[in-house]
Amino acid sequence: NTGLTSCIAEMLMQSHGGMIRILPCLPKEWKKGHVKGLIARGGVSVEIQWDGDTCEAWLTAKKSGVYTVSYGDIKKQVELKAGKRIQVF
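Worth saying up front: this structure is predicted, and the values here are computed from it rather than measured.

Chemist: Got a sec to walk through the overall build of the protein chain? Specific residues and values, please.
Modeler: Helix and strand content of the protein chain: one helix and eight strands. Its helices and strands taken in sequence order, the protein chain reads α-β-β-β-β-β-β-β-β from the N to the C terminus. Considering only C-alpha atoms, the protein chain reaches an extent of 35 × 30 × 20 Å along its principal axes. Among the 89 residues that make up the protein chain, the fraction classed as buried is 35%.

See the structure below:
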């Protein structure tokens, strides 16, 4: 049943139209959590940790480039180097 897994992944990270969205549809009941290994379009590995209103996110790209990332109302462009993990939030 990959359908449920895909839905959960989409609640935690979305990657459409050139944008990586962090926690776009997090249920209120999930007050605290951590996910690692989600893959955004372009081969970007995403790791997220949240606790209430705080969120930390790290990205690791397979290839260097500039990526647009958003969390809530915050939107920024980040330059990623291939294989280097960086914290974006």
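Having seen the model, we can carry on.
Chemist: Give me the lowdown on the nonpolar core, citing residues and values where you can.
Modeler: Core analysis: the biggest nonpolar cluster contains 22 residues, and Ile20, Ile22, Val44, Val46, Ile48, Leu59 and Val69 have the highest contact counts within it. Those elements that place two or more of their residues in this core are strand 2 (19-22), strand 3 (32-40), strand 4 (44-51), strand 5 (54-61), strand 6 (65-71) and strand 7 (74-80). Excluding residues that lie within four positions of it along the chain, isoleucine 22 makes contacts with Leu12, Val46, Ile48, Cys55, Ala57, Val69, Ser70, Tyr71 and Phe89.

Chemist: Let's hear about unusual backbone geometry: which residues, and what values?
Modeler: In most cases, non-glycine residues show a negative phi, while peptide bonds are predominantly trans. The phi dihedral of leucine 23 is positive, around 50°, even though this residue is not glycine. In this structure, leucine 23 sits in the loop between strand 2 and strand 3. Residue leucine 23 is classed as buried on the basis of its relative accessible area, which comes to 11%.

Chemist: Give a description of the sheet that holds strand 6 that names residues and reports values.
Modeler: Pairing is mixed in the open sheet, where four strands are placed in the order 1-2-6-7. Single-partner strands in this sheet number two, and they are strand 1 (13-16) and strand 7. Within this sheet the neighbouring strands show an average axis-to-axis angle of 25°, counted without direction. By the bridge criterion, four bridges tie strand 1 to strand 2 in an arrangement that is antiparallel. Note on strand 2: the bridge partner recorded for serine 15 is isoleucine 20.

Chemist: So what's going on with the packing of aromatic side chains? Which residues, and what values?
Modeler: Summed over all chains, the structure comprises one aromatic pair. Plain terms: the ring middles of tyrosine 71 and phenylalanine 89 are 5.8 Å apart, the flat faces sit at 55° to each other, and that makes the pair tilted. Within this pair, whereas tyrosine 71 is found in strand 6, its partner phenylalanine 89 is found in the segment after strand 8 (85-87), the two being separated by 18 residues in sequence. The exposure class of phenylalanine 89 is buried, given its relative accessible area of 16%.

Chemist: Explain the sheet that holds strand 3 to me, using residue names and the numbers behind them.
Modeler: With antiparallel pairing, the four strands of this open sheet are ordered in space as 3-4-5-8. Edge strands, defined here as strands with exactly one partner in the open sheet, are strand 3 and strand 8. Taken over all neighbouring pairs, the strand axes of this sheet differ in orientation by 15° on average, direction set aside.

Thresholds applied
- Residues numbered from 1 in each chain as written.
- Predicted model: local features only at pLDDT ≥ 70, side-chain atom pairs only at ≥ 80, totals over all residues.
- Heavy atoms only, no water.
- Helix = DSSP H or I, 4+ residues; strand = E, 2+ residues; numbered from the N terminus.
- Buried < 20%, exposed > 50% of the residue type's maximum accessible area, 1.4 Å probe, protein only.
- Core = buried A, V, L, I, M, F, W, Y, C linked by side-chain atoms within 4.5 Å.
- Contact = heavy atoms within 4.5 Å.
- Pairing = 2+ DSSP bridges.
- Axes fitted to C-alpha atoms, helices over the stretch in contact; angles between N-to-C directions.
- Phe/Tyr/Trp six-rings, centres within 6.5 Å; stacked < 30°, edge-to-face > 60°.

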